[in-house]
Amino acid sequence: MTSFTYSAGPARVVFGSGTIFALPDEVARLDASRVLLIGTHRAEPARTALGSLAVARFDKPTMHTPVEVTEDALAVLHEHDVDCLVAVGGGSAIGLAKALALRTDLPQIAVPTTYAGSEATPVLGQTADGKKTTIRTPAVQPETIVYDVDLTVDLPANLSVTSGINAMAHAVEALYSPDANPVIDQLALDAIRRLARSLPKVVADPKDRAAREDLLQAAWLAGTCLGTVSMGLHHKLAHMLGGTFGLPHSETHTVLLPHVMAYVAPASMDRIADALGVGDAPTGVYDLVVDLGGPISLKELGMTENDLNTVDEHRPLLEEAWAGDRPHQTGLPDVSKLTQQVVDSMHGDSSRTRALLQDLVRTLHSYVVRNDLTESEWMQAISFLTRTGQITTETRQEFILLSDTLGISSVVDVLTNSRTPDTTPSAVLGPFYTEGPPEREHGYDIADGLPGMPAWADVQVIDTHDKPVADAIVDVWQSNEDGFYDVQLPDLDGPVLRARFRTDADGRVRYWSIVPVSYPIPDDGPVGEMLRAVGRHPYRAPHMHFMIAMPGFHTLITQLFVKGGDYLDSDAVFGVKDGLIVDFPEQHGPTPDGRDVPRWARVDFVFRISEGQ
């Protein structure tokens, strides 16, 4: 049983484009009027928006929030009788505002221009005497966050990458946090998906506003994760290395993340891999950083081998991160580049054909990877398809049978029927339809003397306005009493239980047949082997086939099923629909056309077809 505790953060969030100009209103909401603006040159838009509300400015926020810098800012704060803090920038500016709030209890408004996510957390990291410590307290969480996409458009691509991976680290660790919960899980996975899809877009085009918006939302989601659940080994190491050796914050997160993921290797890695769209999460993150041109080693961030030798904890992990080695792959390989290469090879004049084949490639590649398909299993599948083709003839369509038994035919049928909702439900064509059946007069007996209970069919074809459709072509076919269609019986002389009729002036067709019975689909080939392998029966519910065609109308392909018949709830091709289950009541006495039979059944039905092509 799942047990968890969830507490939502108290921050107000203002998100959009041009939201920087909402700052005066947000300051007023906090009953404040004297702002200390914290930030470098990136805070200029905020200074303009605040106007006279900005009574002081501190433009030297420093990475890892050294306490001496905080003291300098605190002096400016007291000198100008400040009653509100507005921080614009990344983790350095927002961290300084938090440090000041901790000491003064002043309200904060955070305006992030990176994707680090600190603005959404009650976490503060401070450095004193070369050692970084972290505290978690509601006293440092900003009261308001203003996200303005416009302020991120000029963030350099390299900073966008490391800042984005920093945000991803929050989401990743939230998923295996000891106090994880379903709400945060969903936020974390959404953040990972957004970061994975939009960071490459921003690297390709830093002015891509849609991608920037996606990343900023991901930053908020990831920051919310960081602020709600406790973080683990990754954040501990990143803070230790940053505070001890002065390594850049987001870059250190970027280098460490894939190695910590490989080291921790919890069950949540499968969910992370799925969100990333790769087979193995740690190597997927590493490869993403490489593709984005981000840093991959602590060595390139300025950490020396002598520095490394002073760290005793988690040495194997840190040695790999220092060298920048690709983590050992524990999951499935990433084939996304191969898949994209195949997708990109699809050309041709038909955009629809191209789109269908491209999506088919993506789906098939994903299926192969998800199921870790072996070469012998692949060869077995090739053999299966080969034998399916070899057994197919003009009178036996094994591929249609395969489509039917996998439910694909019924899915296509459902989509087709959804386009004409006011008509009779459609049903699968099946593998035994033949073009050009013999045309017969009304009242003809298509059973032609075959055994079975005689059945009188009286059907009518109308349009969606309930008007009869005259001269419509109605093809009918069904199996015999033993469950075989005529095309399966080479000794038969000509078509039987198969005919073509035309509706009269009232849209009606009347003919004799026999009451359908349940029967097994052909199971002596590959499809039968497949059904037996998964413990499925091959039987179809008793039914009659109809195909109704008329120029100016949509062709209707459907079936009528015998109410009370066998296998209505487990039809082998999933073709049964409630609206197509009809009575075949037994009759005694005179027949409609005077035919002398002691016992017979009848079926009456109205087919509704719609105009269109």
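Definitions and cut-offs
Residues numbered from 1 in each chain as written. Predicted model: local features only at pLDDT ≥ 70, side-chain atom pairs only at ≥ 80, totals over all residues. Heavy atoms only, no water. Patch = residues over 30% accessible without salt bridge, like charges linked within 9 Å, V, L, I, M, F, W, Y side chains within 5 Å. Areas by Shrake-Rupley, 256 points an atom, 1.4 Å probe, with all protein chains shown as cover. Salt bridge = Lys/Arg side-chain N within 4 Å of Asp/Glu carboxyl O. Helix = DSSP H or I, 4+ residues; strand = E, 2+ residues; numbered from the N terminus. Buried < 20%, exposed > 50% of the residue type's maximum accessible area, 1.4 Å probe, protein only. Pairing = 2+ DSSP bridges. Contact = heavy atoms within 4.5 Å. Axes fitted to C-alpha atoms, helices over the stretch in contact; angles between N-to-C directions. Left-handed = near helix turned anticlockwise from the far one by under 90°. Nonpolar A, V, L, I, M, F, W, Y, C, P; charged D, E, K, R; others polar.

Colleague: Explain a nonpolar patch on the surface to me, using residue names and the numbers behind them.
Modeller: Nonpolar side chains collect at one region of the surface, where Leu-357, Leu-360 and Leu-364 lie side by side and expose about 250 Å² of accessible area between them. Note on placement: Leu-364 falls in helix H15 (residues 351–370). Among the residues examined, Leu-364 registers a relative accessible area of 45% and is labelled partly exposed.

Colleague: Talk me through the pairing of strand S6 (residues 123–128); I want residue IDs and the actual numbers.
Modeller: The element S6 is extensively covered by neighbouring structure, given that five of its six residues are classed as buried. Two strands pair when backbone bridges link them, and S6 and strand S7 (residues 131–136) are joined in this way by six bridges, in the antiparallel orientation. When the bridges of S7 are listed, Thr-127 appears paired with Lys-132. Where S6 folds back on S7, the antiparallel hairpin that results is connected by two residues, among which Asp-129 adopts a positive phi of roughly 55°.

Colleague: Which residues make up the environment of Tyr-539, and what are the values?
Modeller: Counting through the fold element by element, Tyr-539 comes out in strand S14 (residues 539–540). We classify Tyr-539 as partly exposed; its relative accessible area is 31%. When the C-alpha atoms of Tyr-539 and Phe-384 are compared, they prove to be 21 Å apart, with 155 residues separating the residues in sequence. Those residues in contact with Tyr-539 that lie beyond four places of it in its chain are Tyr-519, Pro-520, Tyr-567, Ser-570, Asp-571 and Ala-572.

Colleague: Please provide a residue-by-residue account of the packing of helix H3 (residues 67–79) against helix H4 (residues 91–104), values included.
Modeller: Running from N to C, H3 and H4 cross one another at 65°; their axes reach a closest spacing of 10 Å. The handedness of the crossing between H3 and H4 is right-handed. Together, Val-67, Val-69, Thr-70, Glu-71, Ala-73, Leu-74 and Leu-77 of H3 and Leu-96, Ala-99, Leu-100, Arg-103 and Thr-104 of H4 make up the contact between the two elements. Looking at the contact of H3 with H4 residue by residue, the classes come out as eight nonpolar, two polar and two charged.

Colleague: Give me the environment of Gly-227: which residues, what numbers.
Modeller: Mapped onto the fold, Gly-227 is located in helix H7 (residues 209–228). On a C-alpha basis, the gap between Gly-227 and His-170 in space is 9.1 Å, while along the polypeptide they are 57 residues apart. Not counting residues up to four positions away in its chain, the partners in contact with Gly-227 are Ala-120, Thr-121, Pro-122 and Arg-136.

Keep in mind that these numbers describe shape and distance, not what the molecule does.
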